[in-house]
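# Fold and contact review
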Protein chains: 2
Amino acid sequence: MPEYTLIYFNFKGRAEIIRWIFEYGDIPYTDERIAWEDWPEKKKDTMGGKLPVLMVDDVALTQSLAIARYVAKQAGLVPEDDLQAAYCDALADTVNDVVEEWIKLITSGKTEEDKMEEFNEVLYPKFLEPLMTRLDNRLQEREWFISDKVTWGDLLITTVMGLVRETSASVLDNFPALLAHVHKVEDLPKIKDWIEKRPETNF
Amino acid sequence: MPEYTLIYFNFKGRAEIIRWIFEYGDIPYTDERIAWEDWPEKKKDTMGGKLPVLMVDDVALTQSLAIARYVAKQAGLVPEDDLQAAYCDALADTVNDVVEEWIKLITSGKTEEDKMEEFNEVLYPKFLEPLMTRLDNRLQEREWFISDKVTWGDLLITTVMGLVRETSASVLDNFPALLAHVHKVEDLPKIKDWIEKRPETNF
């Protein structure tokens, strides 16, 4: 097995899904967290100038979803069926489109109050609510989102809904099937262990 | 083999890479092109409300890159090696980040003159030039971008560079290895046939 080092900042952000997949698959990796103030210096030597980066031995792999998919393959979290694997990918890109809007808001330089107002009046109704409605509808009829087993799609939904819950605690209550799914994934033993032991971070 | 229908507008945009992969793999598909004026009505019945959508028999797959990767798998254009497959994915997401910025500009409602100015003064120096430099550097030493065979990554680079050439004919001349690669991919017999027979569209 190659030696894996996941390089990111000390928050959940775009890397948490990758950490969950490593943990679920019981795959050894180094969880390297770069201090914000050290980033401008390290950025110059970082392939593509963006984090996360996964070092696979001495080779750098970029792009959070490409990394997640690769590690998911090693962890047995990519469906064997090509079309189901593609549904995982489509789910990931759809969720990511919403996360991108969210990151734009978080990094907008607005006051916390203005950000919360924009979350409630734009991000939630325009992006999150339609997504959560689709997820909830599908989960009313299914044990796992894509196949008859857990996939990295289920983990991804749960990490993102964790961020939703941190931002606005009550929002998830409107989507009971989605909420139950989040709890089910968070209760998977390896994931539960990770949530207990992971560093406390805000985002 | 399932029956494939690719639904998109009558331009290249996000669907051209998928069409190239179908053509390269000699996989039969229906290339359904929706007239712009019919879209508001059709949008209501479209899964996710966005195009392209690939119908696989009667099931809808969304997200252009998820579709491309799935069809590439069927066409033998995804590397067997997991890490090389992940490099294709990372390349696709990196190229897509730039294309997203470009689409924002194209759909900004600015005049054509203002768009061209912003292309030359922002999009090109900030996004396209760094990407093209990375592509060109790597292609100076390699026959194909990812592995020792053509992959969907090579086709993707070429479709996007085709759009660059349409926008600003001379830009590619600054990147000789990249330009040679574009010509090599465009000269693959199945791709060459497609370029000759495809509908003429602006973008």
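So, on to the overall build of chain A. Helix and strand content of chain A: eight helices and four strands. Reading chain A from its N terminus to its C terminus gives the helix and strand order β-α-β-α-β-β-α-α-α-α-α-α. Computed over its C-alpha atoms, the radius of gyration of chain A comes to 17 Å, within 12% of the 17 Å expected for a compact globule of 203 residues. Taken along the three principal axes of its C-alpha coordinates, chain A extends 45 × 45 × 30 Å.

Attention now goes to the sheet that holds strand S1 (residues 4-9) of chain A. Residue and element names in this part refer to chain A. Read from one edge to the other, the open sheet built from four strands follows the order S2-S1-S3-S4, with strand pairing classed as mixed. The open sheet has two edge strands, strand S2 (30-34) and strand S4 (59-62), and neither has a second partner. The sheet shows a mean angle of 25 degrees between the axes of neighbouring strands, direction not considered. Across four bridges, the pairing between strand S3 (residues 53-56) and S4 is antiparallel. Looking across to S4, one finds that Val56 is bridged to Val59.

Between the two copies of the chain lies a relationship made up of a rotation around an axis and a movement along it. With an RMSD of 0.0 Å, the operation that places chain B on chain A is a rotation of 180 degrees combined with a shift of 0.0 Å along the axis. Interpreted geometrically, this transformation is the action of a two-fold axis. Among all C-alpha atoms of chain B, that of Asp93(B) lies closest to the rotation axis, at 5.0 Å. A share of 100% of the interface residues of chain B reappears at the interface of chain A, consistent with the copies meeting face to face through the same patch.

Bringing the interface of chain B and chain A into the picture now. On the side of chain A, 18 residues touch chain B, which itself brings 18 residues to the contact. Elements with a minimum of two residues in the side of chain B that touches chain A: strand S4 (59-62), helix H3 (64-75) and helix H4 (82-106) of chain B. It is H4(B) that contributes the most residues to the side of chain B that touches chain A, eight residues altogether.

Okay, the nonpolar core next. The nonpolar side chains of soluble globular proteins are, as a tendency, buried together. Counting residues in hydrophobic clusters, the biggest one holds 100 residues, and the most contacted among them are Ile21(A) and Ile21(B). With sequence-adjacent residues up to four places away left out, Ile21(A) is seen in contact with Ala68(A), Val71(A), Ala72(A), Ala75(A), Leu77(A), Trp152(A) and Leu155(A).

Moving on to the packing of helix H5 (residues 112-139) of chain A against helix H7 (residues 176-186) of chain A. Residue and element names in this part refer to chain A. As a packed pair, H5 and H7 sit with axes 7 Å apart at the nearest point and diverge in direction by 80 degrees. What the angle tells us is that H5 and H7 run roughly perpendicular. Residues Met132, Leu135, Asp136 and Leu139 of H5 pack against Ala177, Leu178 and His181 of H7.

So, about the domain arrangement of chain A. Residue and element names in this part refer to chain A. The domains assigned to chain A are domain 1 (4-76 + 190-197) and domain 2 (82-188). Distance from the C-alpha centre of domain 1 to the C-alpha centre of domain 2: 20 Å. With twelve residues of domain 1 at the interface, the matching set in domain 2 holds ten residues. Among the secondary structure elements, those contributing two or more residues to the side of domain 1 that touches domain 2 are helix H1 (16-25), helix H3 (64-74) and helix H8 (189-197). Residue classes in the side of domain 1 that touches domain 2 are distributed as nine nonpolar, no polar and three charged.

Judged by pairing direction, the sheet is mixed, and its four strands sit side by side in the order S2-S1-S3-S4 (chain B) without closing on themselves. At either margin of the open sheet sits one strand with a lone partner, and together these are strand S2 (30-34) and S4 of chain B. Sheet twist, expressed as the mean angle between neighbouring strand axes with direction ignored, is 25 degrees. Two strands pair when backbone bridges link them, and strand S1 (residues 4-9) of chain B and strand S3 (residues 53-56) of chain B are joined in this way by four bridges, in the antiparallel orientation. From the neighbouring strand, Leu6(B) faces S3(B), where its bridge partner is Leu54(B). Relative to S4(B), helix H4 (residues 82-106) of chain A is tilted by about 45 degrees, and along the sheet it contacts S3 and S4 of chain B.

Before going further, it helps to examine H5(A). Residue and element names in this part refer to chain A. If you check H5, its first and last C-alpha atoms are just 33 Å apart, much less than what 28 residues at 1.5 Å a residue would give, namely 40 Å. Roughly 65 degrees is the biggest bend found in H5, and it falls at Tyr124, with proline Pro125 one to four residues downstream. Here H5 has its buried residues at Leu128, Leu131, Met132, Leu135 and Leu139. Packed against the buried residues of H5 are H4, helix H6 (152-167) and H7.

Right, let's get into the environment of Gly76(A). Position of Gly76(A) relative to the elements: it lies in the loop between H3 and H4. With 58 residues separating them in the primary sequence, Gly76(A) and Ile18(A) have C-alpha atoms 13 Å apart.

Conventions adopted
- Residues numbered from 1 in each chain as written.
- Chains lettered and ligands numbered in written order.
- Predicted model: local features only at pLDDT ≥ 70, side-chain atom pairs only at ≥ 80, totals over all residues.
- Helix = DSSP H or I, 4+ residues; strand = E, 2+ residues; numbered from the N terminus.
- Rg over C-alpha atoms; globule rule 2.2 N^0.38 Å.
- Pairing = 2+ DSSP bridges.
- Axes fitted to C-alpha atoms, helices over the stretch in contact; angles between N-to-C directions.
- Least-squares fit on C-alpha atoms with pLDDT ≥ 70 in both.
- Contact = placed C-beta atoms within 7 Å.
- Core = buried A, V, L, I, M, F, W, Y, C linked by C-beta atoms within 7 Å.
- Buried ≥ 20, exposed ≤ 12 C-beta atoms within 10 Å, placed from the backbone.
- Parallel < 35°, antiparallel > 145°, perpendicular 65-115°, else oblique.
- Domains from an automatic or database assignment.
- Nonpolar A, V, L, I, M, F, W, Y, C, P; charged D, E, K, R; others polar.
- Expected span 1.5 Å × (residues − 1).
- Bend = angle between axes of the 7 residues up to and from the residue.

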